Amino acid sequence: MNRRYISPSQVPIRYGGLSIDDDQGSSRFSIDEPISEASINPDGKHALEFNFAEECDVHWDLRVINWDIIYQAEFVPIVKGRYITVISKPRKLTATDRPIISDSFRVSESGKLVLTVHNTNSKKKKLLARVRVVPTHGSTVEDEASLRGWLAQPDESC
């Protein structure tokens, strides 16, 4: 039997993927862009961390198969004494919510973007994520389809 892998970026949303059925082609992401997958253990947390040294715009899509999670996003500056920017307060997402979280943030100083997903269910969940970094005017950051070298790790401290 010959099995073929199909990327989640090519699978329509209604079947558990990240492909948006849009005739206008208004999606920020193409189907060729890589998608990272991770498993979230029951009652576990998973943090995605993205480090930035220059000003840029960051766009991301997240999907957790079978939701029932708590999602939050924040930007933590490197400079001590600066305030953490809450991009999205912790909010519970269930199966009745939109299937994909699409968001963006303009990075204006060195720091890290932290996206946290807490699995509140007793079943293992699958997390799909993709990120695009777009340089702002005058920035030397290259426009990349995805951010290379980002950290995806379970948060063992919680």
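Residues numbered from 1 in each chain as written. Predicted model: local features only at pLDDT ≥ 70, side-chain atom pairs only at ≥ 80, totals over all residues. Heavy atoms only, no water.

1. Here we look at the overall build of the protein
At step 1: In terms of helices and strands, the protein carries 0 helices and 9 strands.
At step 2: When the helices and strands of the protein are listed from N to C terminus, the series reads β-β-β-β-β-β-β-β-β.
At step 3: Taking all 158 residues of the protein together, the buried fraction comes to 39%.
At step 4: When contacts within the protein are restricted to residue pairs at least 6 apart in sequence, long-range pairs at least 24 apart make up 77% of them.
At step 5: Within the structure as shown, the protein displays about 9,600 Å² of accessible surface, and the carbon and sulfur contribution to it stands at 48%. (Helix = DSSP H or I, 4+ residues; strand = E, 2+ residues; numbered from the N terminus. Buried < 20%, exposed > 50% of the residue type's maximum accessible area, 1.4 Å probe, protein only. Contact = heavy atoms within 4.5 Å. Areas by Shrake-Rupley, 256 points an atom, 1.4 Å probe, with all protein chains shown as cover.)

2. Section: the nonpolar core
Across soluble globular proteins, you tend to see nonpolar side chains buried next to one another.
At step 1: Core analysis: the biggest nonpolar cluster contains 25 residues, and Phe52, Val58, Trp60, Leu62, Tyr71 and Leu115 have the highest contact counts within it.
At step 2: Elements with a contribution of two residues or more to this core: strand S2 (45-52), strand S3 (56-64), strand S4 (69-77), strand S6 (101-107), strand S7 (111-119) and strand S8 (125-135).
At step 3: Among the elements that take part in this core, S3 stands out by supplying 5 residues, more than any other. (Core = buried A, V, L, I, M, F, W, Y, C linked by side-chain atoms within 4.5 Å.)

3. With respect to the confidence of the model for the protein
At step 1: A residue-level look at the protein finds 68% of positions with pLDDT of 70 or above and a mean pLDDT of 79.
At step 2: A low-confidence stretch, residues 143-158 (pLDDT under 50), is modelled with 35 contacts involving residues beyond four sequence positions or located in other chains. (pLDDT = per-residue confidence, 0-100.)

4. Regarding the environment of Ser108
At step 1: In this structure, Ser108 sits in the loop between S6 and S7.
At step 2: Using a relative accessible area of 54% as the deciding quantity, one classes Ser108 as exposed.
At step 3: Through-space distance from the C-alpha of Ser108 to that of Glu54 is 7.2 Å; in sequence the pair is 54 residues apart.

5. Details of the pairing of S4
At step 1: Across the two faces of S4 the burial differs, with Ile69, Tyr71, Ala73, Phe75 and Pro77 buried and Ile70, Gln72, Glu74 and Val76 not buried at all.
At step 2: Relative to strand S5 (residues 85-93), S4 is paired through 6 bridges, and the arrangement is antiparallel. Bridge pairing in S5 places Ile70 opposite Lys92.
At step 3: Here S4 runs beside S7; their pairing, made up of 9 bridges, is antiparallel. Bridging from a neighbouring strand, Gln72 pairs with Thr116 of S7. (Pairing = 2+ DSSP bridges.)

6. Describing the environment of Arg91
At step 1: By the element assignment, Arg91 lies in strand S5.
At step 2: When near neighbours in sequence (up to four residues on either side) are disregarded, Arg91 contacts Ile69, Ile70, Tyr71 and Ile101.

7. Thoughts on the packing of aromatic side chains
At step 1: On inspection of all chains with the given rule, the structure shows 1 aromatic pair.
At step 2: Aromatic pair Phe75 and Phe105: ring centres 5.4 Å apart, planes at 35°, arrangement tilted. Residue Phe75 is located in strand S4, and its partner Phe105 is located in strand S6; the two are separated by 30 residues in the primary sequence.
At step 3: With relative accessibility at 2%, the residue Phe75 sits in the buried group. (Phe/Tyr/Trp six-rings, centres within 6.5 Å; stacked < 30°, edge-to-face > 60°.)

8. Some remarks on the pattern of salt bridges
At step 1: In total, this model carries 5 salt bridges according to the counting rule given.
At step 2: Of the charged contacts, one joins Glu49 and Lys112 as a salt bridge, the two residues approaching to 3.7 Å between their closest N and O atoms. Taken together, the positions of Glu49 in strand S2 and Lys112 in strand S7 put the pair 63 residues apart, joining distant regions of the chain.
At step 3: The class for Glu49 is buried, based on a relative accessible area of 15%. (Salt bridge = Lys/Arg side-chain N within 4 Å of Asp/Glu carboxyl O.)

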